[in-house]
Amino acid sequence: MAENTEPRRELWILGVEEGGGREEILSSYLEAGGYISRVERYDNLESGRPLGIVLDISPFSEDGWGELLKIKNSPATRDIPVLTVFLSEKGKIGGVFPVAGFFTIPLDEQYFQNRLAVYGLTAETETWDLQAMVVSRSGEEKLAKAIESVGFEVVKGYTGKEALALASIHPVYLVFCSQMLPDMSAFELQERLRLVPYSSNTPMFVLLKDAMRDGEKEALSREIAHLVRKKQLSCEEFLGHLRRRE
């Protein structure tokens, strides 16, 4: 019998209590899309190496933000793609936040440069004058220098509204945004950028503090709650986010 060499399309669900039932709708959607899924724990991630992770970051999650930080802080797991979602108390899918990726601050410059190269995002910098936007109340000087080192000109916005104004005037190739800005979250900025013709398909990378207090995690979950739809996403709508990431 010939060996089946087709890669496993297995996605792990994290941030959800195993056996609690909140994963059932999400699992059914993934199954409809041809994926194998299971509720798992971060401790098994390094040995398991799934295709990707679907992570609940709602107030009802099992420390979703903490799980995200552990994934992205560890060299053994930080390359695994993560799709963050908002599940209701009963497991209905109210929101999906398909950012291009996450980096932790303080920045690991070598890793940052390597990942941009792997994504193919630095290939055009020698041919074209391309701009990348950094949106952060601090300006993130170390990040800005790392971006310039791979050939981009850096444009800075210090609030979400300023970033939207800049994007409406001139297109940028990439956006790097702190998870929480003075006036909105990175996820809200991404949704609003999609309404700007120049920026509707611009990749956004979210910058995470490498450690968060419980109060900060709760505040982030509450902040994104107003982005959640009252009517849950259909299976086709949800799978559309996965297909765009493959």
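Residues numbered from 1 in each chain as written. Predicted model: local features only at pLDDT ≥ 70, side-chain atom pairs only at ≥ 80, totals over all residues. Heavy atoms only, no water.

**Student:** Account for the pairing of strand E3 (residues 52-56), with residues named and values stated.
**Tutor:** The element E3 is extensively covered by neighbouring structure, given that 5 of its 5 residues are classed as buried. Neither face of E3 is left uncovered, since the one carrying Gly-52, Val-54 and Asp-56 and the one carrying Ile-53 and Leu-55 both have all their residues buried. Pairing geometry for strand E1 (residues 10-14) and E3, over 4 bridges, is parallel. Among the inter-strand pairings, Ile-13 is bridged to a residue of E3, identified as Val-54. (Buried < 20%, exposed > 50% of the residue type's maximum accessible area, 1.4 Å probe, protein only. Helix = DSSP H or I, 4+ residues; strand = E, 2+ residues; numbered from the N terminus. Pairing = 2+ DSSP bridges.)

**Student:** Would you mind going over the layout of surface pockets in detail, with residue names and values included?
**Tutor:** Considering only enclosed or pocket space, the second largest pocket measures out at about 350 Å³ in volume. Around the second largest pocket sit 16 residues that line it, and Ser-178, Gln-179, Met-180, Leu-207 and Lys-209 are the ones nearest its centre. A breakdown of the residues in the lining of the second largest pocket according to their chemical character gives 8 nonpolar, 4 polar and 4 charged. (1 Å grid on protein atoms, 1.4 Å probe; cavity = no way out; pocket = protein on both sides within 12 Å on 5 of 7 lines; lining within 4 Å. Points joined across faces, edges and corners; volume = space filled by probe spheres on them. Nonpolar A, V, L, I, M, F, W, Y, C, P; charged D, E, K, R; others polar.)

**Student:** Before we move on, could you go through the packing of aromatic side chains and cite the residues and values that matter?
**Tutor:** Scanning the entire structure with this criterion turns up 10 aromatic pairs. Plain terms: the ring middles of Phe-103 and Phe-112 are 5.1 Å apart, the flat faces sit at 65° to each other, and that makes the pair edge-to-face. Taking the relative accessible area as the measure of exposure, Phe-112 reaches 0% and is therefore buried. Among the aromatic residues, those joined into a cluster by ring pairs are Phe-103, Tyr-111, Phe-112, Tyr-119, Phe-176 and Phe-205. For Arg-9, the ring lying beneath its charged end belongs to Tyr-35, and the centroid distance is 4.2 Å. Directly above the aromatic system of Tyr-111 lies the positively charged group of Arg-78, at a separation of 3.7 Å from the ring centroid. (Phe/Tyr/Trp six-rings, centres within 6.5 Å; stacked < 30°, edge-to-face > 60°. Lys NZ or Arg CZ within 6 Å of the ring centre and 35° of its normal.)

**Student:** Describe the pattern of salt bridges, with residues and values.
**Tutor:** On inspection of all chains with the given rule, the structure shows 13 salt bridges. The closest approach of N and O atoms between Glu-188 and Arg-192, which form a salt bridge, is 3.6 Å. Taken as a pair, Glu-188 and Arg-192 lie in helix H7 (residues 186-193) at a separation of 4 residues, close to a single helical turn. The exposure class of Glu-188 is buried, given its relative accessible area of 14%. Ionic pairing is found between Glu-237 and Arg-229, a salt bridge with its closest N-O pair at 3.2 Å. What makes Glu-237 partly exposed here is its relative accessible area of 35%. (Salt bridge = Lys/Arg side-chain N within 4 Å of Asp/Glu carboxyl O.)

**Student:** How would you explain helix H8 (residues 214-225) if you had to name every residue and give the values?
**Tutor:** Relative to the 16 Å expected for 12 residues at 1.5 Å per residue, H8 spans 17 Å between its end C-alpha atoms, a close match to the ideal helical length. Taken as a whole, H8 has its buried residues at Lys-217, Leu-220, Ser-221 and Ile-224. Angular distribution of buried residues about the axis of H8 spans 95°; they occupy a single face of the element. (Expected span 1.5 Å × (residues − 1). Arc of directions from axis to C-beta.)

**Student:** Which residues make up the environment of Lys-156, and what values go with them?
**Tutor:** Within the fold, Lys-156 resides in strand E8 (residues 153-157). Note: C-alpha distance between Lys-156 and Gly-139 (17 residues apart in sequence) is 6.7 Å. Residues contacting Lys-156, with those up to four places away along its chain left out, are Val-134, Gly-139, Glu-141, Ala-144, Glu-162 and Leu-166. There is a polar contact of 3.4 Å between the side chain of Lys-156 and the backbone oxygen of Gly-139. (Contact = heavy atoms within 4.5 Å. Polar contact = N/O pair within 3.5 Å; in protein donor to acceptor, adjacent residues only side chain to side chain.)

**Student:** Tell me about the side chain of Ser-61, residues and numbers included.
**Tutor:** Here Ser-61 is to be found in the loop between E3 and helix H3 (64-73). In terms of polar contacts, Ser-61 uses its side chain to reach the backbone carbonyl oxygen of Ser-58, at 3.0 Å. At 3.0 Å, the side chain of Ser-61 and the backbone nitrogen of Gly-64 are in polar contact.

**Student:** Any chance you could break down the nonpolar core for me, citing the residues and the numbers?
**Tutor:** Nonpolar side chains in soluble globular proteins tend to be buried together. Membership of the largest hydrophobic core comes to 39 residues, with the highest contact counts inside it found for Phe-187 and Leu-189. Residues within four places of Phe-187 in sequence aside, it is in contact with Ile-57, Trp-65, Thr-84, Phe-97, Val-99, Phe-102, Gln-179, Val-206, Ile-224 and Leu-227. Counting residues in each nonpolar core, the second largest holds 21 residues, with Val-134, Ala-144, Phe-176 and Phe-205 among its members. (Core = buried A, V, L, I, M, F, W, Y, C linked by side-chain atoms within 4.5 Å.)

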